[in-house]
Amino acid sequence: ILNVEQSPQSLHVQEGDSTNFTCSFPSSNFYALHWYRWETAKSPEALFVMTLNGDEKKKGRISATLNTKEGYSYLYIKGSQPEDSATYLCAFSTGTASKLTFGTGTRLQVTL
Amino acid sequence: NAGVTQTPKFQVLKTGQSMTLQCAQDMNHNSMYWYRQDPGMGLRLIYYSASEGTTDKGEVPNGYNVSRLNKREFSLRLESAAPSQTSVYFCASTRLAGVFEQFFGPGTRLTVL
């Protein structure tokens, strides 16, 4: 079983703070790295899919980077808002690419 | 365009009962997945179907069976439910496994007494 590790487990920030989380994954036989946003009582929704070393993706105030050689990805949120409160999941697929292995997520809470 | 739909939304079973969770997608996706979500465990893959006509075990397949009925539908069956199968079950689909994002259904909350 491939392990995907996310840190921190949970994070509590004030509105306006910028923050970042880490996703670590095995660097061998890498295929793709996914980030999902999961609000309480809803379903996970995709943020980014990244495949190339050095990839950077951005959606509004959220961005992500990928380092496949050392096996990590960072997710950044600039100027956190209460609506950013959610669990952020990363998931990894290998060369066969048929399935994803999910991390346990980073739970972000943004307060006023 | 409903995306990924799951039925039922909630279910309570007694130990030993059987049931089938239904999942359908209307996005013409090739690959479909069943996950379970337990506190502190994240999403764990039960079974998946990379394409119509194929199914494979995921991380936690014991106690479950699946059927890829056609390209749209992928069902999950519990033959003899156990309390350890109390969980929230999510179905997901994607156009091409690994390359494109997965789209998730609303989930089924199952309690086994």
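Whatever comes next refers back to the structure up there.
One structure accompanies this document, and this report is about it. The structure presented is a predicted model; accordingly, all values stated were derived computationally and were not measured.

## Points about the state of the cysteines
Residues and elements named next belong to chain A.
Inference 1: The full count for this structure, using the stated rule, is two disulfides over all chains.
Inference 2: Paired through a disulfide, Cys-23 and Cys-90 show a sulfur-sulfur distance of 2.0 Å. Its torsion about the S-S bond being 75 degrees, the disulfide of Cys-23 and Cys-90 is classed as right-handed. Separated by 67 residues along the polypeptide, Cys-23 in strand β3 (residues 19-24) and Cys-90 in strand β9 (residues 86-94) bring together distant segments of the chain.

## A word on the layout of surface pockets
Inference 1: Considering only enclosed or pocket space, the largest pocket measures out at about 800 Å³ in volume.
Inference 2: Of all elements in the fold, only β9 of chain A together with β4 (31-38), β9 (87-94) and β11 (108-112) of chain B reach the threshold of two or more residues within the lining of the largest pocket.
Inference 3: Looking at the lining of the largest pocket residue by residue, the classes come out as 10 nonpolar, 13 polar and six charged.

## Details of the sheet that holds strand β1 (residues 4-7) of chain B
Residue and element names in this part refer to chain B.
Inference 1: With respect to topology, four strands assemble into an open sheet ordered β1-β3-β8-β7, the strand pairing being antiparallel. Since the sheet does not close on itself, it has two edges, and those belong to β1 and β7 (64-68), each with one partner. Taking each pair of neighbouring strands and ignoring which way they run, the sheet shows an average axis angle of 15 degrees.

What counts and how
Residues numbered from 1 in each chain as written. Chains lettered and ligands numbered in written order. Predicted model: local features only at pLDDT ≥ 70, side-chain atom pairs only at ≥ 80, totals over all residues. Heavy atoms only, no water. Disulfide = S-S within 2.5 Å. Helix = DSSP H or I, 4+ residues; strand = E, 2+ residues; numbered from the N terminus. 1 Å grid on protein atoms, 1.4 Å probe; cavity = no way out; pocket = protein on both sides within 12 Å on 5 of 7 lines; lining within 4 Å. Points joined across faces, edges and corners; volume = space filled by probe spheres on them. Nonpolar A, V, L, I, M, F, W, Y, C, P; charged D, E, K, R; others polar. Pairing = 2+ DSSP bridges. Axes fitted to C-alpha atoms, helices over the stretch in contact; angles between N-to-C directions.

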